[in-house]
Amino acid sequence: MENKTFQVKILVIDDEQDIREGCERILSRMECKVVTAPDGAKGLNILETQDISIVLSDIKMPGISGLEVLSQITEKYKSVMVIMITGFSTVETAIEAMKKGAYDFVSKPFSPDQLRIVVKRAIEKLHLTWESQALKLEQQKNLADLETEQSRTRAIIETLPNGVLVTNMLNQIVLMNPVARKYLGLAADKGVGTQIQDCIEDKGFHDYIKSVSECKTDDQEGTIKSHELALSDERYILVQGRPITGEDNECLGTVINLSDITAMKVFDRLKSEFVSKVSHELRSPLSVIHEQLAMVMKGEILDESSDNQYILGRAKDKAKNLISLIGDLLDLSKIEAGSTGKEPEKIQLGDFIGKIVEFLNTEAVKKDQTLEFNLPEKELPEVKADPIALESVFGNLISNAIKYTPEKGKIVVSIETEDHNIKVKVKDSGFGIEQRHISRIFEKFYRIKDDNTRFINGTGLGLAIAKTLVNELKGDILVESKAGKGSLFTVLLPVSK
Ligand code: ATP
Ligand code: MG
């Protein structure tokens, strides 16, 4: 504590000039600042304007008496210490003054030493008071700091994007942020203060927290082991914890971090579904080809009989399907990576689709189907797109209509405009699609296998590709269909500005 910065200022009030001067001389040598006043009124004036710590006041003075001065000081200046100068051993007045709040007294006549001792005691007491005041201030400041620190930490924990949970050694939750509460679906009355087992049912989770508190979660490389919590609403939470250890390495509780990994899990599932679908699609044609090749090697089909030609022809078809499947997959991965490479061009959909219809008409003719193309009277606005992408979209929709419509059926392709969109409709009188399949036909590899479609070739990628391409152009594909009643596919494309 730095007290040296404070210089004690003493006021001496006495009507006797000798006493005033004597006191001033003695006290100045004690490194005090001294001011004097010849009577009570002047003394009180000085107190009002100057920062006085100790007052030495005569008891008997003309005008305001010493006791009156004392009572005014104790009332107005609580921290000022008053030492009374009493006349010729009037012990009673000294006692009375002490009762009224004087700190000490010194009797006239006094020696310089007597004065020094009394004043020194007062100064020491003053320093002690200052020290304790400074300590108190420091303490208050520390408390305020602590409070700000605590509320800051609280704010950080509350706003963390992850869930945070802290348990104590009795396995009770002692802290939990709103995200953790949300993840664990806890009611308002559950949480802080409750046993972890009462909040979360998952046994694996309890075991994990137990192993964290036993410090069993870090392997040699220091990676934290984790636990996956599967929630009832098909969400997955990754639980990672660390023990909180005390000075002797004893476990005081755990800190648990919760992160939502549902999206990652869904992605993982889709990835393995995709891999298994692709492998499935590749395996059956490859095994057919393998069989045929084995026959060729055994020399079983060396002549040019029509049976053998048929077997080899099937192998060739299978190989062709495989090549087209791989082509589709490559297209799809390019589209999904957003790199079809081509710069968009302004396209007149009337001419453009007309050509596709004309080209695919040969397929329709083979099945004795009518393929109609209707254009509106007025000129169509242009769309801005990569022509190869558009060809793939409409090519697939029209060839689907031909493929999934029996012989002698009817397919109508038409174009309409609406607000800022161009609508291309591909309507067929074919097999139609049952409601339960409609939401799935845009999935990769999804094909409906029933008596109508069993012998129709395809990979199930056409609509997936079309949908991705159309979405990329900020358009949409809509389907209306009923089993046995034909289908209507509508492509909405924004017109180019
Ligand atoms: P790909 O187009 O890759 O050669 P695909 O035609 O089987 O093969 P998609 O175009 O994605 O694949 O179509 C998926 C499935 O949706 C088809 O297998 C078929 O069952 C159904 N489907 C598509 N278009 C029609 C349609 N016009 N009428 C009836 N069913 C259809
Ligand atoms: Mg198709």
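For the structure itself, consult the block above.
Note that the coordinates shown come from a computational prediction; the quantities given were computed from them, not determined experimentally.

S.K.: Go over the coordination of the magnesium ion (ligand 2) with me, naming the residues and quoting the values.
M.R.: Four donors placed tetrahedrally around a metal ideally meet at 109.5 degrees, and six donors placed octahedrally ideally meet at 90 or 180 degrees. The protein atoms that coordinate the magnesium ion (ligand 2) are Asn 396 (OD1) and Asn 400 (OD1), at distances of 2.1 to 2.4 Å. Here the residue Asn 396 and the residue Asn 400 both occupy positions in helix α12 (residues 387-403), the gap between them amounting to four residues, near one helical turn.

S.K.: Quick rundown of helix α5 (residues 112-159)? Include the residues and the values.
M.R.: Taking 1.5 Å of rise per residue, 48 residues should cover 70 Å, and α5 covers 69 Å from first to last C-alpha, within 8% of that figure. Listing the buried residues of α5 in full gives Leu 115, Val 118, Val 119, Ala 122, Ile 123, Leu 126 and Trp 130.

S.K.: Give a detailed account of the site of ligand 1, specifying residues and quantitative values.
M.R.: The immediate surroundings of ligand 1 are formed by 21 residues, with Asn 400, Arg 447, Thr 459, Gly 462 and Leu 463 found nearest. Within the side chain of Ser 487, a nitrogen or oxygen atom sits 3.3 Å from a nitrogen atom of ligand 1. Burial of ligand 1 by the protein chains amounts to 95% of its free accessible area of 590 Å². A total of four residues in the shell around ligand 1 trace back to one element, the largest contributor, which is α12. For the shell around ligand 1, a count of residues per class yields nine nonpolar, eight polar and four charged.

S.K.: Tell me about the sheet that holds strand β6 (residues 163-168), and name the residues and values.
M.R.: With respect to topology, five strands assemble into an open sheet ordered β7-β6-β10-β9-β8, the strand pairing being antiparallel. Each edge of the sheet is formed by a strand with only one pairing partner; in this case those strands are β7 (173-176) and β8 (226-230). Across this sheet, the average inter-strand angle for adjacent strands is 25°, counted without regard to direction. Bridging between β8 and strand β9 (residues 236-245) involves five bridges; their strand directions are antiparallel. Note on β9: the bridge partner recorded for Glu 228 is Leu 238.

S.K.: Break down the packing of aromatic side chains for me, citing the residues and quoting the values.
M.R.: This structure, assessed with the given rule, holds one aromatic pair. With centroids separated by 5.6 Å and ring planes inclined at 45°, the aromatic side chains of Phe 274 and Phe 445 adopt a geometry described as tilted. Placement of the pair is Phe 274 in helix α9 (residues 262-297) and Phe 445 in the loop between α13 (435-438) and α14 (462-472), with a sequence separation of 171 residues. Classification of Phe 445 by relative accessible area gives buried; the value is 6%. It is Lys 265 that lies over the ring of Tyr 236; its NZ or CZ is 5.2 Å from the centre. Above the face of the Phe 442 ring, Lys 467 is positioned so that its terminal group lies 4.8 Å from the ring centre.

S.K.: Tell me about unusual backbone geometry, residues and numbers included.
M.R.: For the peptide bond that leads from Lys 108 to Pro 109, omega is -10°, which places it in the cis range. Residue Glu 234 is not a glycine yet carries a positive backbone phi of 60°. Along the chain, Glu 234 falls in the loop between β8 and β9. Looking at Glu 234, the relative accessible area reads 63%, which means it is exposed. We note that Lys 408 has phi near 70°; this positive angle belongs to a residue other than glycine.

S.K.: If you had to explain the environment of Gly 475 to someone new, which residues and values would you point to?
M.R.: Relative to the assigned elements, Gly 475 resides in the loop between α14 and β16 (476-481). Taking the C-alpha atoms as reference points, Gly 475 and Ser 272, separated by 203 residues in sequence, lie 29 Å from one another.

S.K.: Describe a nonpolar patch on the surface, naming the residues involved and giving the relevant values.
M.R.: On the surface, a cluster of nonpolar side chains totalling about 320 Å² of accessible area is made up of Met 169, Leu 170 and Leu 252. Summarising the element assignment, Leu 252 is placed in strand β10 (residues 251-260). What makes Leu 252 partly exposed here is its relative accessible area of 36%.

S.K.: Any chance you could break down the packing of α12 against α14 for me, citing the residues and the numbers?
M.R.: Relative to each other, α12 and α14 sit at 140°, their axes nearing to 9 Å. Regarding the angle of α12 to α14, the classification is oblique. Handedness of the α12/α14 crossing: left-handed. For the pair formed by α12 and α14, the contact residues are Ala 389, Ser 392, Val 393, Asn 396, Leu 397 and Asn 400 on the first element and Gly 462, Leu 463, Ile 465, Ala 466, Leu 469 and Val 470 on the second.

S.K.: Can you tell me about the packing of helix α1 (residues 17-28) against α5, naming the residues and giving the values?
M.R.: Each pair of packed helices gets described by two things: the angle between the helix axes and the distance between those axes. Where α1 contacts α5, the two axes come as close as 10 Å, and the packing angle between them is 60°. Considering their axes alone, α1 and α5 lie oblique with respect to each other. In the crossing of α1 with α5, the sense of the turn from one axis to the other is right-handed. Residue-level contacts link Cys 23, Ile 26 and Leu 27 of α1 to Pro 112, Leu 115, Arg 116 and Val 119 of α5. Here the residues of the contact of α1 with α5 are counted per class, giving six nonpolar, no polar and one charged.

S.K.: Explain the sheet that holds strand β1 (residues 9-13) to me, using residue names and the numbers behind them.
M.R.: In sheet architecture, strand pairing relies on hydrogen bonds along the backbone and comes in two forms, parallel and antiparallel. Taken together, five strands build an open sheet; the order of strands is β2-β1-β3-β4-β5 and the sheet is parallel. A single partner strand is all that each edge strand has here, and the edge strands are β2 (33-37) and β5 (104-107). Each strand axis lies, on average, 20° off the axis of its neighbour in the sheet, ignoring direction. Its contacts with the sheet place α1 against β1, β2 and β3 (54-58), and it is angled at close to 170° to β2. Against the sheet, helix α3 (residues 66-76) touches β1, β3 and β4 (81-86), its axis set at about 175° to β4.

The rules behind these values
Residues numbered from 1 in each chain as written. Chains lettered and ligands numbered in written order. Predicted model: local features only at pLDDT ≥ 70, side-chain atom pairs only at ≥ 80, totals over all residues. Heavy atoms only, no water. Donors = N, O, S within 2.8 Å, 3.2 Å for Na, K, Ca; no water. Helix = DSSP H or I, 4+ residues; strand = E, 2+ residues; numbered from the N terminus. Expected span 1.5 Å × (residues − 1). Buried < 20%, exposed > 50% of the residue type's maximum accessible area, 1.4 Å probe, protein only. Near = heavy atom within 4 Å. Polar contact = N/O pair within 3.5 Å; in protein donor to acceptor, adjacent residues only side chain to side chain. Areas by Shrake-Rupley, 256 points an atom, 1.4 Å probe, with all protein chains shown as cover. Nonpolar A, V, L, I, M, F, W, Y, C, P; charged D, E, K, R; others polar. Pairing = 2+ DSSP bridges. Axes fitted to C-alpha atoms, helices over the stretch in contact; angles between N-to-C directions. Phe/Tyr/Trp six-rings, centres within 6.5 Å; stacked < 30°, edge-to-face > 60°. Lys NZ or Arg CZ within 6 Å of the ring centre and 35° of its normal. Patch = residues over 30% accessible without salt bridge, like charges linked within 9 Å, V, L, I, M, F, W, Y side chains within 5 Å. Salt bridge = Lys/Arg side-chain N within 4 Å of Asp/Glu carboxyl O. Parallel < 35°, antiparallel > 145°, perpendicular 65-115°, else oblique. Left-handed = near helix turned anticlockwise from the far one by under 90°. Contact = heavy atoms within 4.5 Å.

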